[in-house]
Amino acid sequence: MGKDVIIALDFDSRERTLAFLDRFAGEERKPFVKIGMELYYAEGPAIVREVKARGHRIFLDLKLHDIPNTVKKAMAVLSGLDVDMVNLHAAGTRAMMEAALEGVTRSDGTRPLVIAVTQLTSTSQERMEQDLLIERPLDQVVLHYARCAAQAGLDGVVCSPLEAGKVHEACGDRFVTVTPGVRFAGGDTGDQVRVTTPARARELGADYIVVGRPITQAEDPAAAYRKCVEEFVTFS
Ligand code: C5P
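Below is a short write-up of the structure. Along each chain, residue indices are assigned from 1 in the same order as the chain's sequence is written. It should be noted that, the model being predicted, local features are given only for residues of pLDDT at least 70 and side-chain atom pairs only at 80 or more, the latter also being counted only at that level, while totals for whole chains, interfaces and linings use all residues. To get the side-chain values, take all heavy atoms of the structure and skip hydrogens and water.

1. Some details on the overall build of the chain
Okay, so step 1: Secondary structure elements follow DSSP: runs of H or I no shorter than four residues count as helices, runs of E no shorter than two count as strands, and numbering proceeds from the N terminus. Along the chain, the regular secondary structure elements total 11 helices and eight strands.
Okay, so step 2: Since a compact globule built from 236 residues should have a radius of gyration of about 18 Å, the 17 Å found for the chain is in line with a globular shape.
Okay, so step 3: Within the chain, the fraction of its 236 residues that count as buried is 47%.
Okay, so step 4: Any two residues whose heavy atoms approach within 4.5 Å are treated as being in contact. Of all intrachain contacts in the chain linking residues separated by at least 6 positions in sequence, the fraction that spans at least 24 positions is 69%.
Okay, so step 5: Where accessible areas are quoted, they stem from the Shrake-Rupley method and a 1.4 Å probe; at the residue level, only the protein chains shown are allowed to cover. When the accessible area of the chain is evaluated, it comes to approximately 11500 Å², of which 49% is carbon and sulfur surface.
Okay, so step 6: The centroid of the 29 positive side-chain charges in the chain is displaced by 3 Å from the centroid of its 34 negative side-chain charges. As a reference, a globule follows 2.2 Å times the number of residues to the power 0.38, and the radius of gyration itself is taken over C-alpha atoms. Using a 1.4 Å probe on the protein chains alone, a residue whose accessible area is under 20% of its type maximum counts as buried, one over 50% counts as exposed, and one in between counts as partly exposed. Residues scored as charged are limited to Lys and Arg (positive) and Asp and Glu (negative), so that His and the chain ends carry no count. To locate a charge, take NZ of a lysine, CZ of an arginine, CG of an aspartate or CD of a glutamate.

2. Observations concerning the sheet that holds strand β2 (residues 32–36)
Okay, so step 1: Strands pair, by our definition, only if DSSP identifies at least two bridges between them. Taken together, eight strands build a closed barrel; the order of strands is β1-β2-β3-β4-β5-β6-β7-β8 and the barrel is parallel. Each strand axis lies, on average, 25 degrees off the axis of its neighbour in the sheet, ignoring direction.
Okay, so step 2: Here two bridges tie strand β7 (residues 176–179) to strand β8 (residues 208–211), and the two strands are oriented parallel to one another. In the strand pairing of β8, Thr-179 is matched with Ile-209.
Okay, so step 3: For helices, the fitted axis covers only the stretch in contact; all axes are lines through C-alpha atoms, and the angles between them, taken along N-to-C directions, range from 0 to 180 degrees. Sheet contacts for helix α4 (residues 68–79): β3 (58–64) and β4 (85–89); angle to β3, the most-contacted strand, approximately 165 degrees.
Okay, so step 4: The sheet strands contacting helix α5 (residues 94–104) are β3, β4 and β5 (113–117), and the helix crosses β4 at an angle near 155 degrees.

3. Points about the nonpolar core
Okay, so step 1: Counting 60 residues, the largest nonpolar core has Leu-60, Leu-88 and Ile-215 as its most contacted members.
Okay, so step 2: Non-local contacts of Leu-88, meaning those with residues more than four positions away in its chain, are made with Lys-63, Leu-64, Met-75, Met-96, Met-97, Ala-100, Val-114, Ile-115, Ala-116, Val-117 and Leu-154.
Okay, so step 3: In this structure, Phe-32, Phe-59, Met-85 and Val-176 belong to the second largest nonpolar core, which totals 12 residues. Take the buried Ala, Val, Leu, Ile, Met, Phe, Trp, Tyr and Cys residues and link them wherever side-chain atoms come within 4.5 Å; each set so joined is a nonpolar core.

In structure tokens form, the structure reads like this:
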């Protein structure tokens, strides 16, 4: 599995997004980017097409969760946008994940990678027990959801870099781990609680790191991106 850095385009408008991407114009490597709910709901599918037309690979982070038939049809529409990675909630059950895979597969047999969200990192053990009535250790729940995703034929999960090793042990080395919560050594952690550096994420076996603010808020985003790539991908 090729490792890569994915920049989270957490912006609320086309203008801000394109101004940010313009700062990478002279770069040798076109960044893989993530478009989430904020930007997608602000600008719709047009922004996905526009970023794709600029040559970026795209992780469309919309975290689908609905009845299988609805998710299947929504995934068919999303795969028409020619994105490279999409995701959904494993809590939608195996039937929903299987339906999603059917929907997302294009007529020529190709499809984006399909990644499952297990338990959100904002959900604590206490909230999971009291609000969701799931009375098991959180790490066991995450691994169970990952196994269900693998059994449904999905390609991987979003998880903490700290969980990447266990996920690979349970689901195999080729099962992809996409990991947010990455910060440079000595950098501002923002609202992320458990953070790791790009270099540590590499050692822990993460396949893709999703990096937002350490790059988007940097004085020189292209330099911050290059630093991430050096630590995580090329390892110099
Ligand atoms: O700015 P920062 O590097 O914290 O951005 C991380 C990105 O990854 C954000 O887009 C956030 O929504 C996303 N994410 C996360 N934790 C998860 C799932 C997604 O931080 N468990």
